[in-house]
Amino acid sequence: METRILAVNNVLPEPGVIETAAAVIRSGGLVAFPTETVYGLGADAANPSAVEKIFAAKQRPASDPLIVHIADLDELAQIAVEIPSLAYELADAFWPGPLTLVLQRSPRIPPNVTAGLAAVAVRLPAHPVAVALLRASGTPIAAPSANLFARPSPTQAQHVFADLAGRLEIILDGGPATVGLESTVLDLTCDPPAVLRPGGITLEALRELEPSIVYATRHVASGAAVSSPGMLLKHYSPRAEVRLFTGARDAVLAQMRKQIAELANVGILAFSEDVESLGNHAVVIDLGSTQDLSAVGRKLFGSLRQLDEQNVDVILVRAPDRNGIGETIWDRLYRAAEGRVIEAD
Ligand code: TXA
Ligand code: MG
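Cut-offs applied
- Residues numbered from 1 in each chain as written.
- Chains lettered and ligands numbered in written order.
- Predicted model: local features only at pLDDT ≥ 70, side-chain atom pairs only at ≥ 80, totals over all residues.
- Heavy atoms only, no water.
- Helix = DSSP H or I, 4+ residues; strand = E, 2+ residues; numbered from the N terminus.
- Buried < 20%, exposed > 50% of the residue type's maximum accessible area, 1.4 Å probe, protein only.
- Core = buried A, V, L, I, M, F, W, Y, C linked by side-chain atoms within 4.5 Å.
- Contact = heavy atoms within 4.5 Å.
- Near = heavy atom within 4 Å.
- Polar contact = N/O pair within 3.5 Å; in protein donor to acceptor, adjacent residues only side chain to side chain.
- Areas by Shrake-Rupley, 256 points an atom, 1.4 Å probe, with all protein chains shown as cover.
- Nonpolar A, V, L, I, M, F, W, Y, C, P; charged D, E, K, R; others polar.
- Pairing = 2+ DSSP bridges.
- Right-handed = clockwise from strand over helix to strand, strands pointing away.

> I keep staring at the environment of Phe 301 and nothing clicks. Help me out?
Counting through the fold element by element, Phe 301 comes out in helix H10 (residues 293-309). Relative accessible area serves as the criterion here: at 0%, Phe 301 is assigned to the buried category. In this structure the C-alpha to C-alpha distance between Phe 301 and Pro 238, which are 63 residues apart in sequence, comes to 9.1 Å.

> Please explain the nonpolar core as it appears in this structure.
Most often, soluble globular proteins keep nonpolar side chains buried together rather than apart. Core analysis: the biggest nonpolar cluster contains 47 residues, and Leu 90, Trp 95, Leu 99, Leu 101, Leu 186 and Leu 206 have the highest contact counts within it. Of all elements in the fold, only strand S3 (40-44), helix H2 (48-58), helix H3 (76-79), helix H4 (85-94), strand S6 (99-105), strand S7 (119-123), helix H6 (157-164) and helix H7 (203-209) reach the threshold of two or more residues within this core. Non-local contacts of Leu 206, meaning those with residues more than four positions away in its chain, are made with Leu 90, Phe 94, Leu 99, Thr 184, Leu 186, Val 195, Ile 201 and Ile 213. In this structure, Leu 181, Leu 300, Ile 315 and Ile 329 belong to the second largest nonpolar core, which totals 25 residues.

> Honestly, the site of ligand 1 in this entry has me stumped. Any pointers?
Around ligand 1 sit 25 residues in total, of which Thr 37, Arg 60, His 69, Ser 145 and Ser 183 are the nearest. At 2.7 Å from an oxygen atom of ligand 1 is found a side-chain nitrogen or oxygen belonging to Thr 37. The backbone of Ala 119 places a nitrogen or oxygen atom 3.0 Å from a nitrogen atom of ligand 1. Look at ligand 1: alone it shows 680 Å² of surface, and the protein chains cover 95% of it. Contributing elements (two or more residues each) for the shell around ligand 1: strand S4 (67-69), S7 and strand S11 (194-197). Of the residues forming the shell around ligand 1, the biggest block, four residues, is contributed by S7. Split by residue class, the shell around ligand 1 holds 14 nonpolar, six polar and five charged.

> Explanation requested: the pairing of S11 in the structure shown.
Every regular strand shows the same layout, with side chains that alternate between the two sheet faces. Inspection of the sheet shows strand S10 (residues 184-187) paired to S11 by three bridges, in the antiparallel sense. In the sheet register, Val 185 faces S11, and the bridge partner there is Arg 197. The turn joining S10 and S11, which pair antiparallel and follow one another in sequence, is formed by six residues. As judged from the two bridges shared by S11 and strand S12 (residues 214-215), these two strands associate in the parallel manner. Looking at the pairing, Ala 194 lines up with Val 214 of S12. Following the chain from S11 across H7 to the adjacent parallel S12, one finds a crossover that is right-handed.

This is the structure:
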């Protein structure tokens, strides 16, 4: 299959381009599209054979459920049933935006969308191209991140092309994603509600609205029994081995310098403040300042891909403080490192 990349304006998407992509969705094909978080690999959520193609293209296990995207809150009642009032309060506060709600699945949603689960994940994205595609398609769109399974999520159209060329019809290129980290997944089918994946909406912001929300992310090593979907530790992985350093800054930087001296082919993801003290003898990418972790989040996945292109064997990175968006960045780095945390002291 030939994969076409179509440039699209990310503020006022051209109706002709959107219609071309929507026709592919309606006919059961696959379209990658930009959202504010990461690029999604979309198919008609009401068409089980179209949904099947997503799993095949990504080489994603059929046991890992997909997020259903909608353009208008009215559509929620077609996707889920027994929707609690908290869902509407959260939607009011955070939609459109990087929050995914897990609710009871409506019988209208084919079981393969949710990997057979009784719960369905739903999100109303805040990207004009995503919204235009949803409206023109006239159907909810099931979409995981448009990367190969276990690779870093795509924040640019070129990342999608690098992973999936030949496996989908169209990639809508709306430029780089503005959040750069996936949505926060919040399960409302349990009591208290539980964050299953930290993401673009912080835990602190959610708790301002509903203080009882718990943080229930699991980091499961591959091979271990997986109790919740999508919790596999090996995730967002570049080819290189990632090592995540925690502890006091000076101790961490000393440890990192020691490893840089010992290793032949090493890449560094560095905060701006740290670049000078790590700069020599390694490929260094400046992630941005610890004072602006949103900007760091935007750059993170692309930087992991960039270091892979430079063929480094090992990537060293200092962990951010685990609050606000720092928790999300920590989670992605921890998964990229497959749990290899080095405690410096
Ligand atoms: O920002 C995002 O969420 C992006 C954009 C494209 O919307 N999508 C995304 O999808 O990251 P994906 O498939 O890469 O990650 C979806 C996560 C997985 O961890 C999955 O296990 C979880 O949501 N999930 C989906 N449906 C679920 C369900 N019914 N119950 C529990 N977890 C679910
Ligand atoms: Mg993903």
